[in-house]
Amino acid sequence: MQLRVRAEQQTPDWKTRYAVRSGVEGTVNEFAHGHGMRRCRYRGQSKAHVQHVLTAIAINIERLSGLPPADEAPPPRRPTAFQNYLDQHEIPRPKSWRTLGT
């Protein structure tokens, strides 16, 4: 039986199914061990559901923040009224307002 199972594990169909499974198992493991979801903080199914949903959102935000930046830079913002005033009166704008007092 062990030889048959090992031979089956070499097929492309099995490898495709296992790739999906291993991804899901990693996510569940992170959820349970990395974020303390073995025990629920609240009583009641509806409150526990809210905790699970919010924790899943937090995990997704963590994962998205680790992604490399997009190739395209976002378009620059339109100048504010104060920046337009400075430009109209030919007053140079400093690179950072935080460095003015130094």
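Residues numbered from 1 in each chain as written. Predicted model: local features only at pLDDT ≥ 70, side-chain atom pairs only at ≥ 80, totals over all residues. Heavy atoms only, no water.

Colleague: Can you help me understand the pattern of salt bridges in this one?
Modeller: A side chain with one charge can pair with a side chain of the opposite charge if their charged atoms come near. For the coordinates displayed, the defined rule picks out four salt bridges. Of the charged contacts, one joins glutamate 30 and arginine 63 as a salt bridge, the two residues approaching to 2.7 Å between their closest N and O atoms. One end of the pair, glutamate 30, is in helix H2 (residues 12-34); the other, arginine 63, is in helix H3 (residues 45-65), and 33 residues separate them in sequence. Judged by relative accessible area, glutamate 30 falls into the partly exposed class, the value being 26%. (Salt bridge = Lys/Arg side-chain N within 4 Å of Asp/Glu carboxyl O. Helix = DSSP H or I, 4+ residues; strand = E, 2+ residues; numbered from the N terminus. Buried < 20%, exposed > 50% of the residue type's maximum accessible area, 1.4 Å probe, protein only.)

Colleague: Explain the confidence of the model for the protein chain to me, please; I cannot follow it from the model alone.
Modeller: Low-pLDDT stretches of the model should not have their predicted coordinates read in fine detail. Summarising the model, the protein chain shows a mean pLDDT of 83, and 92% of its residues fall at 70 or more. When pLDDT is averaged over each element of the protein chain, helix H1 (residues 2-8) comes out on top at 91 and H2 at the bottom at 84. (pLDDT = per-residue confidence, 0-100.)

Colleague: What should I look at first to understand the side chain of threonine 55 in this one?
Modeller: Tracing the sequence through the fold places threonine 55 in helix H3. Given the relative accessible area of 15%, threonine 55 is considered buried. A polar contact is formed between the side chain of threonine 55 and the backbone oxygen of glutamine 51, at a distance of 2.8 Å. In this structure, threonine 55 is in contact with Phe31, His35 and Met37, ignoring residues within four places of it in sequence. (Polar contact = N/O pair within 3.5 Å; in protein donor to acceptor, adjacent residues only side chain to side chain. Contact = heavy atoms within 4.5 Å.)

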